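# Remarks on the overall topology
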Amino acid sequence: MTVNIRAKEASTPAESLDILSLYRTMVTARVTNDLLKTRKTQGRFPFYIGCAGHESMAAVVAALNHDDWMSLYYRDLAAWLQRTGDMYGPLREAYSRTTGPMSAGRNMPSHYSSKRHRILPTFSEVAALAPFAGGVGFSLKWHKRNEIILFTTGDGGVATNDFNALFRQTAVHQLPVLMVIEDNGWAITAPSTIQWGGSLVEWAKGGGVYAEEVDGTDTMATYEASVRLVEHVRSGKGPVLMHLRLGLLDPHSSSTDIRSYRTKEEIEITKATKDPVKNFGHWLVEHGYLQEDDIERIRKEVRAELEHAETEILQEPEPSADRVLKDVLRVPTWQENIPRGTKKQLPMLGAINEALIELAQRDPGFFVYGQDVGSPKGGVFGATAMLVTQCPGRAISSPLNEQVIVGIAAGAGMVDGNARCAEIQFVDYHQSAAQTIRLAARILYQTYGGWTVPLLIRTKSGSGGGGPISSGGAGGGAFGHSNAGEQWFTSVPGMITICPATPFDAKGLLLEAARAQSPVAFLERGRLYRSEPPKDSQGNIIAAMAEYWSVPEGYYTLPIGKARRIRIGNGPTSIAIISWGTMVLESCTAAANSVNRYGGAIEVVDLRTLAPFDEEAVAAAVREANRVIVVTEEDDLTSFGRHLHSWIVQNCFYDLDATPSFISALPAPAAPYNATEESAFYPTAKTIEQKIEELLAE
């Protein structure tokens, strides 16, 4: 049975609503909730988090089009059912079956996800999907599509940095996002009154977002408001916040005792007055759409259907241990291509500019988003200067919020599977976006390959200055501008980390990184932006490196995860130096000086990619030289360099004639501003030369 409801203040009438089907969906959500709650109590699986009291979310979804996007939170079982019609899915995930449509049994129950149905993957971290949802909305507006995205969270989610990033994204860019705050009065055991001050609606309006309060215990009122607010968003009037008042009928989760923090009277009043399923059933009876007996009949029919589904699901396969490392990382398969463009001398900054132009010309949807990147200068370092002039509109200046920046690029990439570029001025500043970055890297694994997040994060890293430390003097970057930063990314499963040392590598690797379906941290050493090829102590350019400042025009790529082995001198290698970024230049200078003094040959292994690093090349270099030095610009705490050193000891022990040496920055915050301390802080060619002499003397 359908009812035609015309949206107030809407330019078009809402589609007809099958109210009996909507009611059945809500009943299905409630009966599923009760069944799974019982099964958890029986010990059939370890955890369950319920939806009782939130079933009117089905009415919100009923107001959307089927091609609209959704970012749900863990109480949105009714929203899942309204969009997908799949009652098997929640049971399959509760029982951790490989047939589960959300994570193939890899994630906890109630973490909704479906690429087919445009449902972004839910996180346990409350509201953590918010910045990604903003990125989806940004992409929809960018491509002038008619879809919108629904983002939902609870009252506790409003207090998170993630939600505030989404709010900033939507308000600044006026994105097609409907934000629904499902306020049931409780964030676990904390009342919603401590999550914000004053009126949430007035707060949102003050920030530039239209907002309304809606009674979520009244299903028809929820639907009517949703139709009107969806039309507001779809018609280009800007984002909307719906403060949906609900009641939580169960504890926060199966791990919580409701009576330990809520009074008996409050629980009874909530169940008596704020049950949307019961209230909607009464409304249908009062208006003649159902008889009183139909209420129990429908509930029993749904219960029978669920028990039948459960019987089938229990026969389906469970995950096996042999898949535990499946879908951690997606590195593109490199296809060899020979650069055919005319070569010209370029610094790394010029090579990066050219790479961004190539990406923009090949992908009409490609953009760089970050602080100041759309200015005529092309950001503080000028990395997007060519993009600004040659591809107007592709370099977009952002608010001063790294979580906003990363979320926009990550969510936009999820829409069409093509990487977008987030620029973070200094790697130190990424930390406000650390959760969003970690989760972007986790999505592939969490969804068992169901979703990918192609994402480029370009950032200046390492000490300042205008060239190699040995020749460039102090950089004056001081604290907040001088961290190497690789340890923040190489320790994240699912993350690719690249740190080029030359302009040729920077361009080729950046172009290849855009093909990756896993997030990429692309670390651009500030000292290398304008550096020349390294020189020995006599001022001679080191020939083995000089060619990599000659950069071909046009498109070419270099393989991710493949190191470059650079031989300096003649004859068998006596030492292998493993390094990356600025330290490659320092290592080459030290190697050249040592070879000039003592003869022989030293090999410098430029990792280029830190995660995943080229284990084969490292092992081969150690095997041939029998002595090894690892050189990093990081401080010697829990660094990537120390991890690499440990890997060599563990995997190459019997190929070593001496203890592997390790050179790093000092174990202090990076880095002092004054020239004397800063110069002492980082390794230099002289530091490496001294270690070479020690090893050769053993």
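Scroll up to find the structure.
Residues numbered from 1 in each chain as written. Predicted model: local features only at pLDDT ≥ 70, side-chain atom pairs only at ≥ 80, totals over all residues. Heavy atoms only, no water.

Let's shift gears to the overall build of the protein. Assigned secondary structure in the protein consists of 24 helices and 23 strands. In terms of overall dimensions, the protein has C-alpha extents of about 100 × 55 × 45 Å along its principal axes. The burial tally for the protein puts 62% of its 698 residues in the buried class. For the protein, restricting intrachain contacts to residue pairs at least 6 apart in sequence, the fraction spanning at least 24 positions comes to 78%. Just so you have it, the protein exposes about 26,300 Å², and 49% of that area is on carbon and sulfur atoms. Within the protein, the 79 negative side-chain charges are centred at a point lying 2 Å from the centre of the 66 positive side-chain charges. (Helix = DSSP H or I, 4+ residues; strand = E, 2+ residues; numbered from the N terminus. Buried < 20%, exposed > 50% of the residue type's maximum accessible area, 1.4 Å probe, protein only. Contact = heavy atoms within 4.5 Å. Areas by Shrake-Rupley, 256 points an atom, 1.4 Å probe, with all protein chains shown as cover. Lys, Arg positive; Asp, Glu negative; His and termini not counted. Charge placed at Lys NZ, Arg CZ, Asp CG, Glu CD.)

With that out of the way, let us pick up helix H18 (residues 503-513). Within H18, 11 of the 11 residues are buried, leaving the element largely enclosed by the surrounding structure. For H18, every residue scored as buried is listed here: Pro503, Phe504, Asp505, Ala506, Lys507, Gly508, Leu509, Leu510, Leu511, Glu512 and Ala513.

Our focus in this paragraph is the pairing of strand E14 (residues 455-461). Counting buried residues along E14, 7 of its 7 residues qualify, which places the element largely inside the surrounding structure. Direction of pairing for strand E13 (residues 420-426) relative to E14: parallel, over a ladder of 6 bridges. Paired with Ile424 across the bridge in E14 is Thr459. Handedness of the crossover joining E13 and E14 through helix H15 (residues 434-446) is recorded here as right-handed. Sheet analysis places E14 next to strand E16 (residues 520-525), joined by 6 bridges and oriented parallel. (Pairing = 2+ DSSP bridges. Right-handed = clockwise from strand over helix to strand, strands pointing away.)

What follows deals with the pattern of salt bridges. Counted under the stated rule, the structure contains 43 salt bridges. Put simply, Asp505 and Arg564 hold a salt bridge, and the shortest N to O gap is 2.6 Å. Taken together, the residues span a long stretch of sequence, with Asp505 in helix H18 and Arg564 in strand E18 (residues 564-569) at a distance of 59 residues. Comparing Asp505 with Arg564, the two get one shared label, buried. A salt bridge links Arg565 to Glu603; the nearest nitrogen and oxygen atoms lie 2.6 Å apart. Taken as a pair, Arg565 in strand E18 and Glu603 in strand E20 (residues 601-606) lie far apart in primary sequence, 38 residues in all. Exposure remark for Arg565: the relative accessible area of 34% places this residue in the partly exposed category. A single salt-bridge network, built from bridges that share partners, covers Arg24, Asp294, Arg297, Glu301 and Glu305. (Salt bridge = Lys/Arg side-chain N within 4 Å of Asp/Glu carboxyl O.)

Let us look at the packing of helix H5 (residues 130-142) against helix H6 (residues 161-173). Contact pair H5 / H6: the axes reach a minimum separation of 7 Å and the direction vectors enclose 20 degrees. On the basis of the axis angle, H5 is roughly parallel to H6. Taken as a pair, H5 and H6 cross one another with a handedness that is left-handed. Every residue of H6 that contacts H5 at Ala130, Pro131, Ala133, Gly134, Gly135, Phe138 and Lys141 is listed here: Asp162, Phe163, Ala165, Leu166, Gln169 and His173. When the residues that make up the contact of H5 with H6 are grouped by side-chain class, the tally is 7 nonpolar, 4 polar and 2 charged. (Axes fitted to C-alpha atoms, helices over the stretch in contact; angles between N-to-C directions. Parallel < 35°, antiparallel > 145°, perpendicular 65-115°, else oblique. Left-handed = near helix turned anticlockwise from the far one by under 90°. Nonpolar A, V, L, I, M, F, W, Y, C, P; charged D, E, K, R; others polar.)

So, on to the sheet that holds strand E4 (residues 149-154). Ordered in space as E3-E4-E5-E9-E8, the 5 strands form an open sheet in which the pairing is parallel. The open sheet is flanked by strand E3 (69-71) and strand E8 (210-215), the only strands paired with a single partner. Strand-to-strand, the axes of this sheet are offset by a mean angle of 20 degrees, without reference to chain direction. The strands touched by H5 within the sheet are E3, E4 and strand E5 (177-183), with E4 carrying the most contacts at an inclination of about 165 degrees.

The biggest cluster of nonpolar side chains holds 85 residues, and the ones touching the most others in it are Phe132, Phe151, Phe163, Ile578, Leu607 and Ile648. Examining the composition of this core, we find that 9 residues originate from one element, helix H14 (residues 402-416), more than from any other. In this structure Phe132 touches Leu120, Phe123, Gly407, Ala410, Gly411, Met414, Thr436, Leu439, Ala440 and Ile443, once residues within four positions along its chain are discounted. (Core = buried A, V, L, I, M, F, W, Y, C linked by side-chain atoms within 4.5 Å.)

Below, the discussion takes up the environment of Ile437. Inspection of the secondary structure puts Ile437 in helix H15. Each C-alpha atom of the pair Ile437 and Gly407 lies 8.4 Å from the other, and the pair is 30 residues apart in sequence. Excluding anything up to four places from it in sequence, Ile437 contacts Val406, His430, Ile457, Phe489 and Met495.

On to the packing of aromatic side chains, then. According to the stated counting rule, one finds 25 aromatic pairs in the structure shown. For the pair Phe45 and Tyr95, a centre-to-centre distance of 5.2 Å together with 90 degrees between the ring planes defines the contact as edge-to-face. Residue Phe45 is found in the loop between helix H1 (19-41) and helix H2 (57-62), and its partner Tyr95 is found in the loop between helix H4 (88-94) and H5; the two are separated by 50 residues along the sequence. Centroid distance Phe504 to Tyr548: 6.0 Å. Interplanar angle 40 degrees. Geometry classified as tilted. Placement of Phe504 in helix H18 and of Tyr548 in the loop between helix H19 (543-546) and strand E17 (550-552) is noted, with a sequence separation of 44 residues between them. Residues Phe504 and Tyr548 agree in their burial class; the two are buried. Cation over ring: Arg323 sits above Tyr448, and NZ or CZ is 4.3 Å from the ring centre. The ring of Phe662 has Arg642 sitting right over it, with the charged end atom 4.1 Å from the ring centre. (Phe/Tyr/Trp six-rings, centres within 6.5 Å; stacked < 30°, edge-to-face > 60°. Lys NZ or Arg CZ within 6 Å of the ring centre and 35° of its normal.)

Quick look at the side chain of His117 now. Summarising the element assignment, His117 is placed in the loop between H4 and H5. Residues within four places of His117 in sequence aside, it is in contact with Asp68, Arg83 and Thr84.

Let us now look at the pairing of E8. The sheet contact formed by E8 and strand E9 (residues 240-245) spans 6 bridges and is parallel. Along E9, the bridge assignment pairs Tyr210 with Val240. Since E8 and E9 lie parallel, the crossover through helix H8 (residues 219-234) that links them has a hand, and here it is right-handed.

A separate point is the sheet that holds strand E21 (residues 609-611). Pairing within the open sheet is mixed, and its 7 strands lie in the order E12-E11-E13-E14-E16-E15-E21. Where the open sheet ends on each side, the last strands, each with one partner, are strand E12 (395-397) and E21. In this sheet, neighbouring strand axes are inclined to one another by 25 degrees on average, regardless of whether the strands run parallel or antiparallel. In the packing of H14 onto the sheet, contacts are made with strand E11 (368-370), E13 and E14, and the angle to E13 comes to roughly 165 degrees. Against the sheet, H18 engages E14, strand E15 (496-498) and E16, with an angle of about 165 degrees to E16.

Fair warning: the whole summary comes from geometry, so function is off the table for now.
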